[in-house]
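What follows is the residue order along each chain.
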Amino acid sequence: MPMISADEGKFVTVDGLKTFYVKAGNGTPLVLIHGGSPGTCSLVNWKLNIEPLAAAGFTVYAFDQPGFGYTDNPKDYSLEFRVIHARAFVSTMGLERFHLIGNSMGAYIAARIALEDLRTARLVLVSSNTLAPKGSAESQARAKKHAEELRAYTPTVENMRTLTLGTLFHRELVTDDLVQGRYEMSTGKHYEAQLKRAEAPRSKPIDEELRSLRVKSLILWGKNDRGASVEQALLLFQLIPNAELHIFDNCAHWVQWDQASRFNRIVADFLNLAEER
């Protein structure tokens, strides 16, 4: 199946920022929200998922957050502003009912929208240390070490190769094309944004709010994630009412890459159940 390219993307002004997005398929809108690591953007994070999920019967929207990909850098680099921008993107697209998928920091953003926006139908949360309860001292130490590695990144191709080898379990997925593409999205204005984000206010915990989440949720996690422990996945599962949890072995932080085929199938089945009711 051919992968969607930047040439097929569009720009729209969202909350004053020129924002890049791609749209594919026909059906219930499905909004994909990428994470916050260096070189992340819609076309990298969701490269193996946009077209398969569109083919499964959804109108897929994948956008670049402020300071990522082809979207302009903002004045406000806080995660709170990225939540505001994501909400504004959904409204700008005129979506009346939609599903959400968020990976890593994107899962936190997706959960915030699901808690606040009654138009959210179903929610998929993927590998998020930002969202999940912090867990034991061991889990917290693991998360801290991983966060320090991300903050220490400086843009070179070899540094990006090392970073990506930590993101994925399957080394054969870490191709020259992936490394180069992710590297290019970590240089220049992107590196400037990375440094600014490190100085921005931290996200507010929403553990208590998640206890009252009304949206049916699916949690997907990699057993071999270097930053987000399985313990955290279980704690998040216990926190959210009516949630489902799937943990993959031989899988790290980007479940949507390491287990792309099964990710796409499981997600499509879960979301399609909402359409059958």
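A brief structural summary.

What counts, and where the lines are drawn
- Residues numbered from 1 in each chain as written.
- Predicted model: local features only at pLDDT ≥ 70, side-chain atom pairs only at ≥ 80, totals over all residues.
- Heavy atoms only, no water.
- Helix = DSSP H or I, 4+ residues; strand = E, 2+ residues; numbered from the N terminus.
- Axes fitted to C-alpha atoms, helices over the stretch in contact; angles between N-to-C directions.
- Parallel < 35°, antiparallel > 145°, perpendicular 65-115°, else oblique.
- Left-handed = near helix turned anticlockwise from the far one by under 90°.
- Contact = heavy atoms within 4.5 Å.
- Core = buried A, V, L, I, M, F, W, Y, C linked by side-chain atoms within 4.5 Å.
- Buried < 20%, exposed > 50% of the residue type's maximum accessible area, 1.4 Å probe, protein only.
- Arc of directions from axis to C-beta.
- Pairing = 2+ DSSP bridges.

**Looking at unusual backbone geometry**
Both trends apply: most residues other than glycine have a negative phi, and most peptide bonds are in trans. Despite not being glycine, aspartate 15 has its phi angle at roughly 55°, a positive value. Locating aspartate 15 in the fold gives a position in the loop between β1 (10-14) and β2 (17-24). Here asparagine 250, not a glycine, exhibits a phi torsion of approximately 55°, which is positive. The residue asparagine 250 is located in the loop between β8 (243-248) and α11 (255-258) in this model.

**Observations regarding the packing of helix α6 (residues 157-167) against helix α7 (residues 176-184)**
Between α6 and α7, the least distance of the axes is 9 Å, while the angle of their chain directions is 110°. Put simply, α6 runs roughly perpendicular to α7. The handedness of the crossing between α6 and α7 comes out as right-handed. Of the residues in α7, those in contact with Val157, Met160, Arg161, Leu163, Thr164 and Thr167 of α6 are Asp176, Leu178, Val179, Gln180, Arg182 and Tyr183.

**Focus: the nonpolar core**
If you look at the biggest cluster of nonpolar residues, it comprises 40 residues, and the most contacted ones within it are Leu100, Leu125, Leu131, Leu210 and Leu236. For this core, the leading source of residues is helix α4 (residues 105-116), giving seven residues. Those residues in contact with leucine 100 that sit more than four places away from it in its chain are Leu30, Val31, Ile33, Ala110, Ile113, Ala114, Thr120, Arg122, Leu123 and Val124. Within the second largest apolar cluster, 27 residues are counted, among which are Leu30, Phe58, Leu220 and Val267.

**Focus: helix α8 (residues 189-199)**
Listing the buried residues of α8 in full gives His190, Ala193, Gln194 and Arg197. The arc enclosing the buried residues of α8, seen along the axis, measures out at 105°, which places them on a common side. Among the structural elements, α3 (79-92), α5 (137-151) and α7 are those in contact with the buried residues of α8.

**Description of the sheet that holds β2**
Overall, mixed pairing links the eight strands, which are arranged β1-β2-β4-β3-β5-β6-β7-β8 in an open sheet. With partners counted over all chains shown, the strands left at the sheet margins are β1 and β8, one partner each. The mean angle between the axes of side-by-side strands here comes to 25°, regardless of whether they run parallel or antiparallel. Pairing of strand β3 (residues 28-33) with strand β5 (residues 98-103) involves four bridges; the strand directions are parallel. Following the sheet pairing, leucine 30 is matched in β5 by histidine 99. Here α3 sits on the sheet and contacts β1, β2, β3, β4 (58-63) and β5; the angle it forms with β1, its principal contact strand, is near 115°. Packing of helix α10 (residues 230-239) onto the sheet brings it into contact with β6 (120-126), β7 (216-222) and β8, and relative to β7 it is tilted by some 175°.

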